[in-house]
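# Reading the structure
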Amino acid sequence: MIQANIKLYGLFGDPVGHSLSPFFQNEAFRTLGINAVYFPFTVKAEDLAGAVAAIRHLHMGGVNLTIPHKEAVIPLLDKVEGDAALSGSVNTIVNRDGELIGYSTDGDGFLLSLQREAGFDPQGKTCVILGAGGAARAVAFRLAREGLAALYLVNKGAERAAALQKDLKERLDFQAEYVASRPEVEKVAAAADLVINATPVGMYPESRRMPDFPLESCKPGCLVCDLVYRPLETMWLKKAGELGLPVLGGLGMLIYQGMLSCQLWTGRMPEEEPLRAVVKRILER
Ligand code: NAP
(Lines give C-alpha, C1' and ligand atoms only; values in the text may rest on other atoms or scores of the structure.)
Protein backbone atom coordinates (compact mmCIF):
# COMPACT_ATOMS: atom_id res chain seq x y z
CA MET A 1 0.00 0.00 0.00
CA ILE A 2 1.41 3.40 -0.99
CA GLN A 3 0.56 5.78 1.87
CA ALA A 4 0.91 9.55 2.07
CA ASN A 5 3.81 9.44 4.52
CA ILE A 6 5.77 6.80 2.62
CA LYS A 7 9.52 7.44 2.39
CA LEU A 8 11.00 7.43 -1.10
CA TYR A 9 14.40 5.93 -1.99
CA GLY A 10 15.89 5.15 -5.35
CA LEU A 11 18.70 4.34 -7.72
CA PHE A 12 20.21 6.97 -10.04
CA GLY A 13 22.10 5.62 -13.03
CA ASP A 14 22.15 5.12 -16.76
CA PRO A 15 21.27 2.39 -17.51
CA VAL A 16 19.29 1.08 -14.51
CA GLY A 17 17.06 -1.42 -16.32
CA HIS A 18 18.99 -4.55 -15.26
CA SER A 19 19.62 -3.50 -11.66
CA LEU A 20 18.69 -5.88 -8.86
CA SER A 21 18.63 -3.07 -6.28
CA PRO A 22 14.88 -2.31 -6.52
CA PHE A 23 13.98 -5.97 -5.81
CA PHE A 24 16.57 -6.10 -3.05
CA GLN A 25 15.82 -2.82 -1.25
CA ASN A 26 12.03 -3.17 -1.47
CA GLU A 27 12.34 -6.64 0.08
CA ALA A 28 14.63 -5.18 2.77
CA PHE A 29 12.02 -2.51 3.66
CA ARG A 30 9.29 -5.16 3.67
CA THR A 31 11.19 -7.49 6.00
CA LEU A 32 12.04 -4.59 8.32
CA GLY A 33 8.39 -3.43 8.29
CA ILE A 34 9.44 0.04 7.14
CA ASN A 35 7.00 2.21 5.20
CA ALA A 36 9.28 3.00 2.28
CA VAL A 37 9.61 2.34 -1.43
CA TYR A 38 12.64 2.20 -3.77
CA PHE A 39 12.46 3.11 -7.47
CA PRO A 40 14.99 2.89 -10.32
CA PHE A 41 15.47 6.29 -12.02
CA THR A 42 17.25 6.65 -15.37
CA VAL A 43 19.38 9.75 -14.82
CA LYS A 44 21.55 10.96 -17.71
CA ALA A 45 24.95 12.44 -16.84
CA GLU A 46 23.75 15.95 -17.74
CA ASP A 47 20.71 15.60 -15.45
CA LEU A 48 22.57 14.50 -12.33
CA ALA A 49 22.59 17.92 -10.63
CA GLY A 50 18.80 18.23 -11.08
CA ALA A 51 18.23 14.70 -9.81
CA VAL A 52 20.37 15.34 -6.71
CA ALA A 53 18.44 18.59 -6.05
CA ALA A 54 15.22 16.53 -6.27
CA ILE A 55 16.39 14.37 -3.34
CA ARG A 56 16.08 17.52 -1.20
CA HIS A 57 12.94 18.93 -2.85
CA LEU A 58 11.04 15.62 -2.68
CA HIS A 59 12.34 14.87 0.85
CA MET A 60 13.66 11.49 -0.36
CA GLY A 61 15.42 9.40 2.28
CA GLY A 62 18.35 8.76 -0.01
CA VAL A 63 19.55 7.02 -3.16
CA ASN A 64 22.10 4.60 -4.51
CA LEU A 65 24.30 5.64 -7.40
CA THR A 66 25.58 3.50 -10.21
CA ILE A 67 27.37 4.04 -13.54
CA PRO A 68 28.16 6.82 -14.55
CA HIS A 69 27.53 8.91 -11.39
CA LYS A 70 29.66 7.51 -8.55
CA GLU A 71 32.46 10.06 -8.94
CA ALA A 72 30.63 12.92 -10.66
CA VAL A 73 28.20 13.27 -7.74
CA ILE A 74 30.83 14.31 -5.20
CA PRO A 75 30.81 18.10 -5.84
CA LEU A 76 26.99 18.08 -5.55
CA LEU A 77 26.97 16.76 -1.97
CA ASP A 78 27.25 18.58 1.38
CA LYS A 79 29.63 16.01 2.86
CA VAL A 80 31.42 12.82 1.85
CA GLU A 81 32.33 10.36 4.60
CA GLY A 82 34.72 7.44 5.21
CA ASP A 83 35.65 5.16 2.34
CA ALA A 84 33.78 7.37 -0.15
CA ALA A 85 36.06 10.31 0.67
CA LEU A 86 39.16 8.10 0.48
CA SER A 87 38.33 6.27 -2.73
CA GLY A 88 36.56 9.22 -4.44
CA SER A 89 33.46 7.13 -5.20
CA VAL A 90 29.95 7.40 -3.70
CA ASN A 91 27.36 4.61 -4.03
CA THR A 92 24.94 5.78 -1.31
CA ILE A 93 23.51 9.22 -0.49
CA VAL A 94 21.72 9.77 2.80
CA ASN A 95 19.41 12.79 3.18
CA ARG A 96 19.78 13.85 6.85
CA ASP A 97 17.23 16.68 7.28
CA GLY A 98 18.21 18.29 3.99
CA GLU A 99 21.93 17.63 4.29
CA LEU A 100 23.12 15.22 1.59
CA ILE A 101 25.91 12.93 2.76
CA GLY A 102 27.82 10.57 0.46
CA TYR A 103 29.07 7.11 1.52
CA SER A 104 30.49 4.06 -0.18
CA THR A 105 29.44 0.61 0.99
CA ASP A 106 31.26 -1.28 -1.81
CA GLY A 107 34.52 -1.86 0.08
CA ASP A 108 32.82 -2.87 3.33
CA GLY A 109 30.44 -5.08 1.33
CA PHE A 110 33.38 -6.93 -0.21
CA LEU A 111 35.20 -7.23 3.13
CA LEU A 112 32.11 -8.69 4.83
CA SER A 113 31.76 -11.21 2.02
CA LEU A 114 35.44 -12.15 2.33
CA GLN A 115 35.21 -12.57 6.11
CA ARG A 116 31.79 -14.19 6.43
CA GLU A 117 31.65 -16.35 3.31
CA ALA A 118 35.32 -17.30 2.87
CA GLY A 119 36.62 -16.87 6.45
CA PHE A 120 39.50 -14.83 4.98
CA ASP A 121 41.39 -12.19 6.98
CA PRO A 122 43.33 -9.82 4.65
CA GLN A 123 45.79 -8.68 7.32
CA GLY A 124 49.36 -9.50 6.32
CA LYS A 125 48.27 -11.15 3.05
CA THR A 126 49.40 -10.67 -0.56
CA CYS A 127 46.66 -9.68 -2.98
CA VAL A 128 46.38 -9.28 -6.76
CA ILE A 129 43.54 -7.19 -8.22
CA LEU A 130 42.66 -7.42 -11.91
CA GLY A 131 41.19 -4.11 -13.11
CA ALA A 132 41.52 -0.54 -11.89
CA GLY A 133 37.98 0.82 -12.27
CA GLY A 134 35.45 1.80 -9.61
CA ALA A 135 35.06 -1.66 -8.07
CA ALA A 136 38.82 -2.32 -8.01
CA ARG A 137 39.32 1.07 -6.34
CA ALA A 138 36.74 0.42 -3.59
CA VAL A 139 38.18 -3.01 -2.86
CA ALA A 140 41.83 -1.82 -2.99
CA PHE A 141 41.23 1.02 -0.50
CA ARG A 142 39.29 -1.19 1.89
CA LEU A 143 41.83 -4.03 1.82
CA ALA A 144 44.76 -1.61 2.15
CA ARG A 145 43.10 -0.20 5.28
CA GLU A 146 42.70 -3.75 6.57
CA GLY A 147 46.46 -4.29 6.64
CA LEU A 148 47.41 -6.11 3.41
CA ALA A 149 51.14 -6.85 3.24
CA ALA A 150 51.32 -6.39 -0.55
CA LEU A 151 48.96 -5.36 -3.34
CA TYR A 152 49.62 -5.90 -7.05
CA LEU A 153 47.47 -4.23 -9.71
CA VAL A 154 47.08 -5.93 -13.07
CA ASN A 155 45.23 -3.86 -15.65
CA LYS A 156 44.90 -3.59 -19.41
CA GLY A 157 45.60 0.15 -19.40
CA ALA A 158 48.43 1.59 -17.29
CA GLU A 159 46.69 4.95 -16.78
CA ARG A 160 43.92 3.97 -14.36
CA ALA A 161 46.23 1.61 -12.48
CA ALA A 162 48.75 4.45 -12.06
CA ALA A 163 45.99 6.77 -10.79
CA LEU A 164 44.85 4.17 -8.24
CA GLN A 165 48.45 3.54 -7.17
CA LYS A 166 49.01 7.29 -6.71
CA ASP A 167 45.80 7.79 -4.69
CA LEU A 168 46.58 4.83 -2.41
CA LYS A 169 50.01 6.30 -1.73
CA GLU A 170 48.79 9.86 -1.18
CA ARG A 171 45.69 9.09 0.88
CA LEU A 172 46.73 5.98 2.84
CA ASP A 173 50.51 5.97 2.46
CA PHE A 174 50.07 2.48 0.98
CA GLN A 175 52.40 1.37 -1.82
CA ALA A 176 50.72 -0.85 -4.45
CA GLU A 177 52.67 -2.18 -7.43
CA TYR A 178 51.54 -2.13 -11.06
CA VAL A 179 52.41 -5.36 -12.84
CA ALA A 180 52.41 -5.50 -16.63
CA SER A 181 54.68 -8.13 -18.20
CA ARG A 182 53.68 -11.80 -18.34
CA PRO A 183 56.66 -13.10 -16.32
CA GLU A 184 55.90 -10.52 -13.60
CA VAL A 185 52.21 -11.49 -13.57
CA GLU A 186 53.20 -15.16 -13.18
CA LYS A 187 55.47 -14.28 -10.30
CA VAL A 188 52.80 -12.35 -8.39
CA ALA A 189 50.23 -15.10 -9.13
CA ALA A 190 52.56 -17.56 -7.39
CA ALA A 191 52.96 -15.23 -4.38
CA ALA A 192 49.26 -14.36 -3.97
CA ASP A 193 46.99 -15.39 -1.09
CA LEU A 194 44.04 -13.63 -2.74
CA VAL A 195 43.28 -12.87 -6.42
CA ILE A 196 40.28 -10.71 -7.33
CA ASN A 197 38.73 -10.17 -10.75
CA ALA A 198 37.41 -6.58 -10.68
CA THR A 199 36.95 -6.36 -14.47
CA PRO A 200 33.68 -7.13 -16.25
CA VAL A 201 35.35 -9.97 -18.19
CA GLY A 202 33.15 -13.08 -17.97
CA MET A 203 29.96 -11.14 -17.20
CA TYR A 204 26.70 -12.09 -18.96
CA PRO A 205 26.16 -12.08 -21.96
CA GLU A 206 29.87 -12.74 -22.54
CA SER A 207 29.89 -15.49 -19.93
CA ARG A 208 32.30 -17.73 -21.83
CA ARG A 209 35.17 -15.24 -21.48
CA MET A 210 37.78 -15.37 -18.72
CA PRO A 211 40.29 -12.85 -17.39
CA ASP A 212 43.74 -13.44 -18.87
CA PHE A 213 45.50 -14.54 -15.66
CA PRO A 214 47.69 -17.62 -14.99
CA LEU A 215 45.56 -19.36 -12.34
CA GLU A 216 47.79 -22.44 -12.83
CA SER A 217 50.62 -20.50 -11.17
CA CYS A 218 48.64 -19.85 -7.95
CA LYS A 219 49.74 -21.70 -4.83
CA PRO A 220 47.37 -24.14 -3.09
CA GLY A 221 44.89 -22.31 -0.85
CA CYS A 222 45.02 -19.03 -2.81
CA LEU A 223 41.47 -17.61 -2.68
CA VAL A 224 40.12 -16.68 -6.13
CA CYS A 225 37.34 -14.06 -6.11
CA ASP A 226 35.21 -12.75 -8.94
CA LEU A 227 33.21 -9.55 -8.38
CA VAL A 228 31.05 -10.54 -11.37
CA TYR A 229 27.81 -12.09 -10.05
CA ARG A 230 25.98 -12.68 -13.34
CA PRO A 231 26.45 -15.68 -13.86
CA LEU A 232 26.66 -16.75 -10.24
CA GLU A 233 29.53 -19.09 -11.12
CA THR A 234 31.76 -17.54 -13.79
CA MET A 235 33.99 -19.63 -16.08
CA TRP A 236 36.96 -18.20 -14.20
CA LEU A 237 35.72 -19.47 -10.84
CA LYS A 238 34.86 -22.80 -12.41
CA LYS A 239 38.43 -23.12 -13.69
CA ALA A 240 39.86 -22.09 -10.30
CA GLY A 241 37.66 -24.73 -8.62
CA GLU A 242 38.90 -27.38 -11.08
CA LEU A 243 42.47 -26.43 -10.11
CA GLY A 244 41.52 -27.09 -6.47
CA LEU A 245 41.59 -23.42 -5.43
CA PRO A 246 38.97 -21.99 -3.02
CA VAL A 247 36.59 -19.53 -4.73
CA LEU A 248 34.26 -16.65 -3.86
CA GLY A 249 31.70 -15.14 -6.28
CA GLY A 250 30.35 -11.57 -6.43
CA LEU A 251 26.90 -12.27 -4.97
CA GLY A 252 28.00 -11.75 -1.35
CA MET A 253 29.48 -8.32 -2.06
CA LEU A 254 26.27 -7.34 -3.85
CA ILE A 255 24.14 -8.45 -0.89
CA TYR A 256 26.30 -6.87 1.84
CA GLN A 257 26.80 -3.52 0.12
CA GLY A 258 23.02 -3.31 -0.31
CA MET A 259 22.36 -4.27 3.32
CA LEU A 260 24.84 -1.60 4.44
CA SER A 261 23.10 1.07 2.29
CA CYS A 262 19.78 0.11 3.87
CA GLN A 263 21.34 0.39 7.32
CA LEU A 264 22.68 3.88 6.53
CA TRP A 265 19.19 5.02 5.52
CA THR A 266 17.09 3.33 8.18
CA GLY A 267 19.50 2.70 11.06
CA ARG A 268 18.60 -0.98 10.86
CA MET A 269 20.41 -3.88 9.22
CA PRO A 270 18.01 -6.09 7.24
CA GLU A 271 18.20 -9.86 7.55
CA GLU A 272 20.46 -11.47 5.00
CA GLU A 273 18.67 -14.67 4.03
CA PRO A 274 15.41 -13.28 2.52
CA LEU A 275 17.46 -10.81 0.46
CA ARG A 276 19.85 -13.49 -0.75
CA ALA A 277 16.86 -15.62 -1.74
CA VAL A 278 15.24 -12.78 -3.76
CA VAL A 279 18.46 -11.94 -5.61
CA LYS A 280 19.34 -15.59 -6.28
CA ARG A 281 15.85 -16.27 -7.61
CA ILE A 282 16.18 -13.43 -10.12
CA LEU A 283 19.73 -14.34 -11.14
CA GLU A 284 18.85 -18.00 -11.66
CA ARG A 285 15.88 -17.13 -13.85
P1 NAP B 1 34.70 0.02 -14.52
O2 NAP B 1 34.83 1.20 -13.60
O3 NAP B 1 34.21 0.21 -15.90
O4 NAP B 1 36.18 -0.65 -14.58
C5 NAP B 1 36.41 -1.80 -15.35
C6 NAP B 1 37.89 -2.19 -15.26
O7 NAP B 1 38.04 -3.40 -15.99
C8 NAP B 1 38.85 -1.17 -15.89
O9 NAP B 1 40.03 -1.13 -15.14
C10 NAP B 1 39.11 -1.75 -17.28
O11 NAP B 1 40.40 -1.50 -17.77
C12 NAP B 1 38.99 -3.24 -17.03
N13 NAP B 1 38.49 -3.93 -18.23
C14 NAP B 1 37.35 -3.64 -18.91
N15 NAP B 1 37.23 -4.48 -19.95
C16 NAP B 1 38.31 -5.29 -19.92
C17 NAP B 1 38.76 -6.38 -20.75
N18 NAP B 1 38.06 -6.77 -21.80
N19 NAP B 1 39.93 -6.98 -20.42
C20 NAP B 1 40.66 -6.58 -19.35
N21 NAP B 1 40.27 -5.55 -18.55
C22 NAP B 1 39.13 -4.94 -18.83
O23 NAP B 1 33.77 -1.11 -13.88
P24 NAP B 1 33.53 -1.40 -12.32
O25 NAP B 1 32.41 -0.57 -11.83
O26 NAP B 1 34.83 -1.35 -11.64
O27 NAP B 1 32.99 -2.91 -12.38
C28 NAP B 1 33.84 -3.99 -12.70
C29 NAP B 1 33.08 -5.31 -12.50
O30 NAP B 1 32.79 -5.47 -11.12
C31 NAP B 1 31.73 -5.38 -13.23
O32 NAP B 1 31.57 -6.65 -13.76
C33 NAP B 1 30.71 -5.15 -12.14
O34 NAP B 1 29.49 -5.82 -12.40
C35 NAP B 1 31.42 -5.80 -10.96
N36 NAP B 1 30.95 -5.24 -9.68
C37 NAP B 1 30.38 -6.09 -8.79
C38 NAP B 1 29.93 -5.60 -7.58
C39 NAP B 1 29.31 -6.55 -6.61
O40 NAP B 1 28.60 -6.10 -5.71
N41 NAP B 1 29.57 -7.85 -6.72
C42 NAP B 1 30.07 -4.24 -7.25
C43 NAP B 1 30.66 -3.39 -8.18
C44 NAP B 1 31.10 -3.92 -9.41
P45 NAP B 1 40.92 0.00 -18.25
O46 NAP B 1 41.23 0.72 -16.98
O47 NAP B 1 42.14 -0.32 -19.04
O48 NAP B 1 39.80 0.56 -19.02
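Calculation notes
- Residues numbered from 1 in each chain as written.
- Predicted model: local features only at pLDDT ≥ 70, side-chain atom pairs only at ≥ 80, totals over all residues.
- Heavy atoms only, no water.
- Pairing = 2+ DSSP bridges.
- Helix = DSSP H or I, 4+ residues; strand = E, 2+ residues; numbered from the N terminus.
- Domains from an automatic or database assignment.
- Contact = heavy atoms within 4.5 Å.
- Buried area = accessible area lost by both parts, 1.4 Å probe.
- Axes fitted to C-alpha atoms, helices over the stretch in contact; angles between N-to-C directions.
- Parallel < 35°, antiparallel > 145°, perpendicular 65-115°, else oblique.
- Left-handed = near helix turned anticlockwise from the far one by under 90°.
- Nonpolar A, V, L, I, M, F, W, Y, C, P; charged D, E, K, R; others polar.
- Near = heavy atom within 4 Å.
- Polar contact = N/O pair within 3.5 Å; in protein donor to acceptor, adjacent residues only side chain to side chain.
- Expected span 1.5 Å × (residues − 1).
- Buried < 20%, exposed > 50% of the residue type's maximum accessible area, 1.4 Å probe, protein only.
- Arc of directions from axis to C-beta.

## Some thoughts on the sheet that holds strand β9 (residues 177-178)
Sheets are built from strands paired through backbone hydrogen bonds, the pairs being either parallel or antiparallel. Across the sheet, which stays open at both edges, the six strands sit in the order β9-β8-β7-β10-β11-β12 with parallel pairing between neighbours. Here the strands that pair on one side only, and so sit at the sheet edges, are β9 and β12 (247-248).

## Quick notes on the domain arrangement of the protein chain
For the protein chain, the assigned domains read domain 1 (7-104 + 252-283) and domain 2 (107-249). Look at where the C-alpha atoms of domain 1 and domain 2 centre, and you get two points 25 Å apart. Between domain 1 and domain 2, the contact holds 17 residues from the first and 19 residues from the second. Across the domain 1/domain 2 interface, buried area totals approximately 1700 Å², and carbon plus sulfur atoms make up 64% of it.

## Notes on the packing of helix α1 (residues 21-32) against helix α10 (residues 272-284)
Between α1 and α10, whose axes approach to 9 Å, the crossing angle comes to 150 degrees. For the element pair α1 / α10, the angle class is roughly antiparallel. In the packing of α1 onto α10, the handedness of the crossing is right-handed. Two secondary-structure elements touch here, α1 through Phe23, Phe24, Glu27, Ala28 and Thr31 and α10 through Pro274, Leu275, Val278, Val279 and Ile282. Within the contact of α1 with α10, the residues separate by chemical class into eight nonpolar, one polar and one charged.

## Thoughts on the site of the ligand
Looking at the ligand, there are 21 residues lining it, with Ala132, Ala135, Asn155, Leu227 and Gly250 nearest. For the ligand, an oxygen atom lies 2.8 Å from a polar atom in the backbone of Ala135. Between the ligand and the protein, one listed contact pairs an oxygen atom with a side-chain N or O atom of Arg160 at 3.2 Å. Among the elements of the structure, α5 (134-145) and α9 (251-266) are those that each provide at least two residues to the shell around the ligand. When its residues are assigned to classes, the shell around the ligand shows eleven nonpolar, seven polar and three charged.

## So, the environment of Ile93
With respect to the element layout, Ile93 can be found in strand β5 (residues 92-96). Sequence separation between Ile93 and Leu65 is 28 residues, and the spatial gap between their C-alpha atoms is 7.8 Å. Apart from residues no more than four positions distant in its own chain, Ile93 is found in contact with Ile55, Gly61, Gly62, Val63, Leu65, Val73, Leu77, Leu100, Ile101 and Trp265.

## What about the side chain of Thr126?
Mapped onto the elements of the fold, Thr126 is located in strand β7 (residues 126-130). Leave out the neighbours within four places in its chain, and Thr126 touches Ala150, Tyr152, Ala191, Ala192, Asp193 and Leu194.

## Details of α10
The end-to-end C-alpha distance of α10, which contains 13 residues, comes to 18 Å, matching closely the 18 Å that a straight helix rising 1.5 Å per residue would cover. For α10, the set of buried residues is Glu272, Leu275, Arg276, Val278, Val279, Ile282 and Leu283. Taken end-on, α10 shows its buried residues confined to a sector of 160 degrees, consistent with a single buried face. Summarising the geometry of α10, the exposed residues directed more than 90 degrees from the buried face are Glu273, Arg281 and Glu284. Contacts made by the buried residues of α10 are with α1, α4 (106-118) and α9.

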